[in-house]
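# Notes for the structure review
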Amino acid sequence: MTPTMPNSISHPSTDRYAVIGNPIAQSKSPLIHSAFAQVTGQDINYTKVLGPMGEFVATVDAFRASGGRGMNVTAPFKLDAFAYATDLALSAQMAGAVNALKFEGERVYAENFDGVGLVRDLVHNLQHPLQGRRVLILGAGGATRGALLPLLAEQPAELVIVNRTVAKAQELAALALQHQTGQVPVQGLGYDAVQGAFDVVLNASSSSLSGELPPLPASVFAPGCLAYDLTYGKGLTPFLKLAQQAGVTRLADGVGMLAEQAAEAFAWWRGVRPETGAVIAQLTVPLV
């Protein structure tokens, strides 16, 4: 099968970027990056690329050959991008996955901005500091892996990773303890072993994608807690409903994280970081 290339016309001097995924029609990345380019005065052309399954390398090679400067990477190609890169940032190494590529000659630089995007949304946009707070994160997949170091850099009082498969949570806890620069206590537990109340509860599990309710007791939500679901655009997910029923009034989904990780990639490519407020407001779906 021939790799699918974006249908767009751009000026020869316009730098080309794209997001690759399968499916890709739902991606908000072109909207976001076009808005960023407008407010920063950057001359770029940003499109969607549908990558045929099993043909990631050929598709990206074709995009690079046509003058492409960089790509965002979404499901299911984040592991393919990890293997494709020549230079992996620590963020990508920790996550074991890549969500942004930059092409410079024969070099392919790779980053994972999900974790730093999450933290910026929590601390800057939602104004919910993590320092000295107890943080609980649900799930032990790639999203959690990518978030570990940025979360720990904020010096929370404790970080607890909870997962249905306890061994995976323990593995990530050990990884975090090995790589962090501070002395934050990190634990990996099963849901039935979670104790006490937390100031921040992050749902990085797949439960909201499948409409499932994480097996959490209401007691995990401390007074003034922020409940945050990394998925976005799904309204009040089962996790957020659970938090609301437990009395939590600070609820958020991952739309801010989406915008912030995009802004990090844009700054990495272009050397200027755009403001994200207008894009977040445009993409926000009410949590009802």
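Below, the structure is looked at part by part. (Residues numbered from 1 in each chain as written. Predicted model: local features only at pLDDT ≥ 70, side-chain atom pairs only at ≥ 80, totals over all residues. Heavy atoms only, no water.)

## Some points on the pairing of strand β11 (residues 221-229)
Of all 9 residues in β11, 7 are buried, a share of seventy percent or more. Note: strand β10 (residues 198-203) against β11, 5 bridges, orientation parallel. When the bridges of β11 are listed, valine 201 appears paired with alanine 227. At this point the chain moves from β11, through helix α9 (residues 238-245), to the parallel strand β12 (residues 250-253), and the crossover so formed is right-handed. (Buried < 20%, exposed > 50% of the residue type's maximum accessible area, 1.4 Å probe, protein only. Helix = DSSP H or I, 4+ residues; strand = E, 2+ residues; numbered from the N terminus. Pairing = 2+ DSSP bridges. Right-handed = clockwise from strand over helix to strand, strands pointing away.)

## Considering the layout of surface pockets
Approximately 150 Å³ is the volume found for the second largest pocket. In this structure, the second largest pocket is lined by Asp121, Asn125, Leu126, Leu251, Ala252, Asp253, Val255, Gly256, Ile280, Thr284, Val285 and Leu287. Taken together, the residues of the lining of the second largest pocket sort by class into 7 nonpolar, 3 polar and 2 charged. (1 Å grid on protein atoms, 1.4 Å probe; cavity = no way out; pocket = protein on both sides within 12 Å on 5 of 7 lines; lining within 4 Å. Points joined across faces, edges and corners; volume = space filled by probe spheres on them. Nonpolar A, V, L, I, M, F, W, Y, C, P; charged D, E, K, R; others polar.)

## Notes on the side chain of serine 27
If you trace the backbone, serine 27 turns up in the loop between β1 (15-21) and α1 (29-40). Residue class for serine 27 comes out buried when judged on its relative accessible area of 13%.

## Comments concerning the packing of aromatic side chains
As enumerated under the stated definition, the model contains 7 aromatic pairs in all. Ring centres 6.3 Å apart and planes at 50 degrees place the aromatic pair phenylalanine 221 and phenylalanine 239 in the tilted group. Taken together, the residues phenylalanine 221 in strand β11 and phenylalanine 239 in helix α9 connect sequence positions 18 residues apart. In this pair, the class of phenylalanine 221 matches that of phenylalanine 239, namely buried. (Phe/Tyr/Trp six-rings, centres within 6.5 Å; stacked < 30°, edge-to-face > 60°.)

## Focus on the packing of α1 against helix α10 (residues 255-270)
Here α1 crosses α10 at 55 degrees, and the two axes come no closer than 10 Å. Of the possible angle classes, the one that applies to α1 and α10 is oblique. When the axes of α1 and α10 are compared, the crossing they make is right-handed. Listed contacts from α10 to Ile32, His33, Phe36, Ala37 and Thr40 of α1 are Leu258, Ala259, Ala262, Ala263, Phe266 and Trp269. Within the contact of α1 with α10, the residues separate by chemical class into 9 nonpolar, 2 polar and no charged. (Axes fitted to C-alpha atoms, helices over the stretch in contact; angles between N-to-C directions. Parallel < 35°, antiparallel > 145°, perpendicular 65-115°, else oblique. Left-handed = near helix turned anticlockwise from the far one by under 90°. Contact = heavy atoms within 4.5 Å.)

## Remarks on the sheet that holds β1
Within a beta sheet, neighbouring strands are joined by backbone hydrogen bonds and run either parallel or antiparallel to one another. Read from one edge to the other, the open sheet built from 6 strands follows the order β2-β1-β3-β5-β6-β4, with strand pairing classed as mixed. Every interior strand has two partners, whereas the edge strands, β2 (44-50) and β4 (87-88), have only one. Sheet topology note: the strand β5 (residues 100-104)/strand β6 (residues 107-111) ladder contains 5 bridges and is antiparallel. Note on β6: the bridge partner recorded for lysine 102 is tyrosine 109. Most of the contacts of α1 go to β2, to which it runs at about 175 degrees, and overall it touches β1, β2 and β3 (68-73). Along the sheet face, helix α2 (residues 56-65) touches β1, β2, β3, β5 and β6 and points at about 145 degrees away from the line of β3.

## A short note on the packing of helix α5 (residues 114-125) against helix α6 (residues 142-153)
Between α5 and α6, whose axes approach to 7 Å, the crossing angle comes to 50 degrees. Comparing their axes, α6 and α5 come out oblique. Every pair of crossing elements has a handedness; the one defined by α5 and α6 is right-handed. The segment α5 lies against α6, with Gly115, Val116, Leu118, Val119 and Leu122 engaging Gly146, Ala147, Pro150 and Leu151. Class assignment of the residues belonging to the contact of α5 with α6 gives a composition of 7 nonpolar, 2 polar and no charged.

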